[in-house]
Amino acid sequence: MSGNSYLPRKLHSLLGVIPLGLFFIEHALTNYSAFEGGREGFLDSVHGLHKLPLIFFLEMFVIWLPILFHGVYGLYIAYQSNLNTGRFSYGRNWAFALQRITGVITFIFVIWHVWNTRVQVALGHTTYDEIGNHMHQIVTQPLNFTLYVIAVIAAVFHFSNGLWAFLVSWGITVGPRAQRVSSNICMGIFVIVSVLFLLSLFAFRSDEFASAAAAGAAFGPVTFG
Amino acid sequence: MAETATKQRTVKFIITRRERPDAAPYTEEFEVPYRPNMNVISALMEIQRNPVKADGGKTAPVCWESNCLEEVCGACSMVINGKPRQACSALVDKLEQPIRLEPMSTFPVVRDLVINRERMFQALKKVKAWIPIDGTYDLGPGPRMAESKRQWAYELSKCMTCGVCLEACPNVNDRSTFIGPAPISQVRLFNAHPTGEMNAHERLEALMDDGGIEGCGNSQNCVRSCPKGIPLTTSIAAINRDTTKQLFKKWLSM
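Note that residues are indexed from 1 along each chain, following the sequence as it is written. Labels are handed out in written order, letters beginning with A for the chains and numbers beginning with 1 for the ligands. The predicted nature of this model means local features are confined to residues of pLDDT at least 70 and side-chain atom pairs, given and counted, to a pLDDT of 80 or more, with totals for whole chains, interfaces and linings taken over all residues. Heavy atoms from the whole structure form the basis of all side-chain values; hydrogens and water molecules are not counted.

K.L.:
I would appreciate a short explanation of helix H8 (residues 142-169) of chain A in the present structure.
P.N.:
Structurally, the α-helix is built with 3.6 residues per turn, so residues lying three or four positions apart point the same way. All names here are of chain A. What counts as a helix is a DSSP run of H or I of at least four residues, what counts as a strand is a run of E of at least two, and both are numbered from the N terminus. To estimate how far a helix should extend, the number of its residues minus one is multiplied by 1.5 Å. In this model, H8 (28 residues) spans 39 Å end to end at C-alpha, consistent with the 40 Å of a helix rising 1.5 Å per residue. Think of it in three bands: residues with accessible area under 20% of the maximum for their type are buried, residues over 50% are exposed, and the middle band is partly exposed, with areas taken using a 1.4 Å probe on protein chains only. The buried count for H8 comes to 20 of 28 residues, which makes it a mostly enclosed element. A positive phi of about 70 degrees marks Gly 171, the residue just after H8.

Structure follows, in structure tokens:
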């Protein structure tokens, strides 16, 4: 199997669910703790995560490297596809087209988002204690907030529809009925996870996260808008 | 009123033509006298008999391919009003006018509506879509196929290599080497056969090579477009399952 595209494509599909999909759900729940538990709840979640052993290696092998491979190979997959929803305006074909469009949006967003958050922590411009206030600063700007809302919905669609495609690509849902049922479940996941992320975005806009906002002011110019 | 009653009813066609494989495409309009129950092929035959455009100018007859005229050979595939399908089963009475005919340009266009579907036959060779029964002596009768299996396998055997599923697939294009839905379904057919099953791994390996089953992006246009109603996406998912098993079998050296 030399010069083979089967293995990288299969790996791309797997990484999208394990570990990236699991991390994505974890991210949604952690953010949601900002809505449910406010500033305290969010800080507890963040601290809980960063107390995990070997956190640097976890981030590297569970998040950064999988995202890099999934994103770069995904761009190549998107490049190889035609969009023919004009001629074939079927639901699944739209999902196919949106999967590629939202994938590109998500990849660009993730680069910006990681630069805005994790990289700024690494550079010492903010800390995990202040990350909630830092997010408050970003999402209280209308342009940033709009971009976040679009990108979050795109990312959740990409994850949910990708989960459906994963089940087909690994031969788990074979018949039309299995695929229809899993499609309904995945669209349910799309709605639920979107709501989690959107509620947390609104939570970050609340005054509660503004209190220590001055701490991150020095870094203001780095953000968009 | 009397005049309109006697006037010959016509059917308007807009046909995308090209003179040579490398020539630029152009469109020509035709008005064909209407006859009851006519199909796209009979209209093309009419243009062949009287190659005059709608504006009265003479032109070369439009080239197309067709054989069986009963939707079993796959030769007359073309894009009719935006959808790839068989011209023989495209009834004029059921089509919106003007009727637009284009070649299936996913394939190399030879001339006018004639395309070269050779890649489909190459694909069948690549995946070994046959049952090897030749030996140096009489191998005797093979194992029997269960009737319940034969019934669904028969549906897959209706594939006429017409190329409509490749035309509908967004992943079959110049930037991708994807083999297309039809040969994947044929692998399922021949792997379902009790004798063909003995070489199942060879067909699966062919689909685990470059341009194989991984090229499928699950747009599912193929199953919506197949003129024979073949459950192509079920075949693809079933072969996804089999290739995944084959992958792990190989890794574990079973």
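Next comes the rest of the write-up.
K.L.:
Looking at this model, I keep getting lost on the pairing of strand S1 (residues 10-17) of chain B. Mind explaining?
P.N.:
Regular strands place side chains that alternate from one sheet face to the opposite one. All names here are of chain B. Across the eight residues that make up S1, a large majority, six, are buried. For S1 and strand S2 (residues 26-33), the ladder comprises eight bridges, and the chain directions are antiparallel. Bridging across to S2, Arg 17 finds its partner in Tyr 26. Paired strands, as defined in this entry, are two strands with at least two bridges between them according to DSSP. Judged from the three bridges that link them, S1 and strand S5 (residues 99-102) form a sheet pairing that is parallel. Paired with Phe 13 across the two strands is Ile 99, which belongs to S5.

K.L.:
Would you mind going over the pairing of strand S3 (residues 77-80) of chain B with me for this structure?
P.N.:
Residues and elements named next belong to chain B. Covered by surrounding structure in S3 are Ser 77 and Val 79 together with Met 78 and Ile 80, the residues of both alternating faces. Note that S3 and strand S4 (residues 83-86) share four bridges and pair antiparallel. Opposite Met 78, over in S4, you have Arg 85 as the bridge partner. In this antiparallel pair of consecutive strands, S3 and S4, the connection spans two residues, and Asn 81 shows a positive phi of 50 degrees. Two strands pair when backbone bridges link them, and S3 and S5 are joined in this way by two bridges, in the antiparallel orientation. Residue pairing for S5: Ile 80 is matched across the bridge by Leu 101.

K.L.:
What am I meant to see in the packing of helix H1 (residues 6-17) of chain A against H8 of chain A here?
P.N.:
Packed helices, taken two at a time, are described by the angle between their axes plus the distance between the axes. Residues and elements named next belong to chain A. Axis definition: a line fitted to C-alpha atoms, over the contacting stretch in the case of helices. Angles run 0 to 180 degrees between N-to-C directions. Packing of H1 against H8 brings their axes to within 10 Å, and their N-to-C directions diverge by 135 degrees. With respect to their mutual orientation, H1 and H8 come out oblique. The two elements H1 and H8 cross, and the hand of that crossing is left-handed. In this structure, H1 uses Lys 10, Ser 13, Leu 14 and Val 17 to contact H8, whose residues at the interface are Leu 163, Phe 166 and Ser 169. For this classification, the nonpolar set comprises Ala, Val, Leu, Ile, Met, Phe, Trp, Tyr, Cys and Pro, the charged set comprises Asp, Glu, Lys and Arg, and every other residue, Gly included, is treated as polar. Of the residues that constitute the contact of H1 with H8, the class distribution is four nonpolar, two polar and one charged. Comment on the angle field: the value is read as roughly parallel under 35 degrees, roughly antiparallel over 145, roughly perpendicular from 65 to 115, and oblique elsewhere. Each crossing gets its hand from how the near helix is turned against the far one by less than a right angle, where anticlockwise is left-handed and clockwise is right-handed. Residue contacts are defined here by distance: any two heavy atoms, one from each residue, within 4.5 Å place the two residues in contact.

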